[in-house]
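Understanding the architecture of this molecule
Here is how the chains run, residue by residue.
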Amino acid sequence: MSILIYTESEEGKLKKTAFEIASYARALAGQTGDTVTAVAVNVDNTSELGNYGVDKVLKVSDEKLSRFNARAYADVIKQAAEKEGAKMVIISSSANDKYLAPILAVNLQAGYASNVVALPESTDPFRVKRTAFTNKAFNITEISTDVKLIGLSKNSFGLKEAEGSASEEAFAPSLDDKDFAVRTESVDKTTGKVTIADAEIVVSGGRGLKGPENWGMIEELADVLGAATACSKPVSDMGWRPHSEHVGQTGKPVAANLYVAVGISGAIQHLAGINASKVKVVINSDPEAPFFKAADYGVVGDAFEVVPALVEKLKEFKAQNS
Amino acid sequence: MKILVCISHVPDTTSKINFADGDTRFDTNGVQFVINPNDEFGLTRAMWFKEKQGAAVTVVNIGGPETEPTLRKALAIGADEAIRVNAQPTDGFFVATQLAKVVQDGGYDLVIAGRESIDYNGGMVPGMLASLTGANFVNTCIGLEIEGSEASAIREIDGGKETVKCSLPLIIGGQKGLVEESDLRIPNMRGIMMARQKKLTVLEPEDLQSRTSVVKFEKPAPKGEVKLVSPDNLDELIRMLHNEAKVI
Ligand SMILES: Cc1cc2nc3c(=O)[nH]c(=O)nc-3n(C[C@H](O)[C@H](O)[C@H](O)COP(=O)(O)OP(=O)(O)OC[C@H]3O[C@@H](n4cnc5c(N)ncnc54)[C@H](O)[C@@H]3O)c2cc1C
Ligand SMILES: Nc1ncnc2c1ncn2[C@@H]1O[C@H](COP(=O)(O)O)[C@@H](O)[C@H]1O
């Protein structure tokens, strides 16, 4: 049998999370003796999936799917799962995947575990670890249905290369007009900027920065690191930065490789949302700031001196290492 | 217009999370419960529809009697009536199925739920509910207008926003942005007094098998000591991030 993965793409290119869920599915297939089939929508080149252990790719190309639509995409994945007889379906935890997942779960009559962070502890009974209480804890969830749907947390498994190549097959699901009842009128998206969701590195600023006029140095630091910018809740509440940058328990979750917090005290609600990040660096003038207890590296100092100096040093470092 | 607001009863955001009975149960000792933050934004938007467009607003929770103070708080904020389906929520599918019954019996035009609860974090209930009832569904909703039977919603997407249109009935997964933080309301004395008189109906649940169950909880591993670097020695920080942490 096969494990089905849905490999997300943007503008015809696979996203990095596609390779992560492929790696996860490959490892899972190693335990269960299954093969791995991917379904990709409007992606020209899917050959790289073979390098992460995918055996077969179902390639869907349909003009109607040029824009993401949760019901229609859920329908595509459902039909692919049924065609392959897949008992396990794996998707990512991106905003779009989280949008389509509950629809897919109901339509496939599958038990769904979101925010999964590891391979199953056991496959019979089927038990996986997932985050709960906005990253303040984990729970072990047992899925008791025949078909299982797993949403893998970003950066929780990593990329694992495998030998092999994937065969390709055209796949034309039949789409219903009802799938498109929610119509996109317009999209307003900043281009050329790294988003918090996709970023490997996030640089975040708090109230310690005193005002929106001081964000230039945060942006410079983000630029040199190739990072996305984020902020604490009061910063967005005061309108210093857009709401879309607010991270934390009630804002966006951050699961980056590196999270740099500048002038952020480290309140429990802030930490809850960013705890899933691998490495945390804190720059704060108060040595007693609670964030230092949750950090891997810390600099006790004035952000207005430390950040510009760090930007200069990083530029030198980048020049030497490229 | 009839609006149903789904209210999840969750530990206050400042709560320390502990477990009891061999890590099989969330320890509610000393924990304050509140309306799930995403639901509070949704409830406030519902109040806007009530005041500006004459909508009738019902709040609903699937939970035991202990959730009634949270429902009363929603009534004190201004909801007209409340429904509690008397069952311990076991998973998102269970909750969504119970809600589907309430939605179908009540003939609601608009159901406002949260994008995610801060305790279970499933991000499941509104989407499952939409699938079960066949209503349209907009997730990560940060703006909503209704004109007759047509809705126009703004949805947060990676790196921006998207405007979508659809007809009612509609279910949204709402979040901050639906209203501003400063629009959130704290119940006043009059609201609290009035809430006591409002109808709170308790319904018995549909019989149903959950599809998933939580068998155990775990706390994150304790964190090691932070490595402090002097502001005069930022080269050392870069070296450690490069060689040791391997993140740059
Ligand atoms: C229901 C609820 C939900 C919440 N959800 C979130 C959430 O999702 N995300 C979130 O972030 N918050 C959230 N909060 C708010 C949270 O409790 C804190 O108030 C908030 O995180 C504090 O933001 P801050 O660290 O930027 O500001 P502050 O706490 O004011 O901290 C500023 C820090 O800057 C430091 N500083 C000052 N000057 C300098 C300088 N020159 N150089 C370096 N450092 C300096 C100070 O030492 C201090 O530590 C929530 C609160 C509630 C009640
Ligand atoms: N027990 C419940 N009763 C009523 N609504 C709920 C319940 N659990 C979840 N919801 C709604 O579903 C949303 C998402 O919850 P979840 O799927 O648990 O992340 C919440 O914000 C609520 O609006």
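Residues numbered from 1 in each chain as written. Chains lettered and ligands numbered in written order. Predicted model: local features only at pLDDT ≥ 70, side-chain atom pairs only at ≥ 80, totals over all residues. Heavy atoms only, no water.

An unreviewed UniProt entry annotates chain B as Electron transfer flavoprotein subunit beta of Sinomicrobium pectinilyticum.

Under an unreviewed UniProt entry, chain A has the name Electron transfer flavoprotein subunit alpha/FixB family protein and belongs to Sinomicrobium pectinilyticum. Taken verbatim from the UniProt record of chain A, the Sequence similarities (unreviewed entry) comment is "Belongs to the ETF alpha-subunit/FixB family." (UniProt positions renumbered as here; feature names shortened; annotations may be inferred.)

**As for the UniProt feature "binding site: FAD" (unreviewed entry) in chain A**
All names here are of chain A. In the UniProt entry, the feature "binding site: FAD" (unreviewed entry) is given for Arg207, Gly263, Ile264, Ser265, Gly266, Ala267, Ile268, Gln269, His270 and Asn284. In this fold, Arg207 is placed in the loop between β14 (201-205) and α4 (216-225). Taking relative accessible area as the criterion, Arg207 reaches 53% and is therefore assigned exposed. Mapped onto the secondary structure, Ile264 falls in the loop between β16 (258-262) and α6 (268-274). Residue Ile264 is classed as buried on the basis of its relative accessible area, which comes to 3%. Other than its neighbours up to four places away in sequence, Ile264 contacts Ser204, Gly205, Gly206, Ser232, Tyr259, His270, Asn284 and Phe291. (Helix = DSSP H or I, 4+ residues; strand = E, 2+ residues; numbered from the N terminus. Buried < 20%, exposed > 50% of the residue type's maximum accessible area, 1.4 Å probe, protein only. Contact = heavy atoms within 4.5 Å.)

**Notes on the nonpolar core**
If you look at the biggest cluster of nonpolar residues, it comprises 96 residues, and the most contacted ones within it are B:Val59 and B:Leu144. When residues no more than four places from it in sequence are discounted, the contact partners of B:Val59 are B:Leu4, B:Val5, B:Ile7, B:Leu43, B:Leu71, B:Ala74, B:Leu75, B:Ala79, B:Glu81, B:Ala82 and B:Ile83. Grouped together as the second largest cluster of nonpolar side chains are 37 residues, A:Leu225, A:Ala227, A:Val279 and A:Ile283 included. (Core = buried A, V, L, I, M, F, W, Y, C linked by side-chain atoms within 4.5 Å.)

**Notes on the UniProt feature "domain: Electron transfer flavoprotein alpha/beta-subunit N-terminal" (unreviewed entry) in chain B**
As annotated in UniProt, the feature "domain: Electron transfer flavoprotein alpha/beta-subunit N-terminal" (unreviewed entry) corresponds to residues 23-212 of chain B in the numbering used here. Taken as a whole, residues 23-212 of chain B contains 32% helix and 32% strand, while its terminal C-alpha atoms sit 18 Å from one another.

**Comments concerning the site of ligand 1**
Close contacts around ligand 1 come from 27 residues, with A:Ser232, A:Thr250, A:Ser265, A:Gln269 and A:His270 the closest. In this structure ligand 1 sits where residues from chains A and B come together. Compared with its free state, where it exposes 990 Å², ligand 1 has 76% of that area covered by protein. At the level of secondary structure, the elements contributing two or more residues to the shell around ligand 1 comprise α5 (233-237), α6 and α8 (303-321) of chain A. Taken together, the residues of the shell around ligand 1 break down into 6 nonpolar, 16 polar and 5 charged. (Near = heavy atom within 4 Å. Areas by Shrake-Rupley, 256 points an atom, 1.4 Å probe, with all protein chains shown as cover. Nonpolar A, V, L, I, M, F, W, Y, C, P; charged D, E, K, R; others polar.)

**A few points about a nonpolar patch on the surface**
A surface patch of nonpolar side chains, amounting to about 290 Å² of accessible area, comprises B:Met189, B:Ile192 and B:Met193. With respect to the helices and strands, the residue B:Ile192 is situated in helix α5 (residues 189-197). (Patch = residues over 30% accessible without salt bridge, like charges linked within 9 Å, V, L, I, M, F, W, Y side chains within 5 Å. Salt bridge = Lys/Arg side-chain N within 4 Å of Asp/Glu carboxyl O.)

**Description of the environment of B:Val226**
Tracing the backbone through its elements, the reader meets B:Val226 in the loop between β14 (212-218) and β15 (227-229). A C-alpha to C-alpha distance of 51 Å links B:Val226 and B:Val202, two positions 24 residues apart in sequence. In this structure B:Val226 touches A:Phe292, A:Ala295, A:Asp296, A:Tyr297 and A:Gly298, once residues within four positions along its chain are discounted.

**As for the domain arrangement of chain A**
Residue and element names in this part refer to chain A. As assigned here, chain A comprises domain 1 (2-180) and domain 2 (201-321). Taking only C-alpha atoms, the centre of domain 1 and the centre of domain 2 are 32 Å apart. Opposite the 5 residues of domain 1 that make contact, domain 2 presents 10 residues. Carbon and sulfur atoms make up 38% of the surface buried where domain 1 meets domain 2, a total of about 670 Å² over both sides. Applying the counting criterion to the domain 1 and domain 2 interface returns 0 salt bridges. (Domains from an automatic or database assignment. Buried area = accessible area lost by both parts, 1.4 Å probe.)

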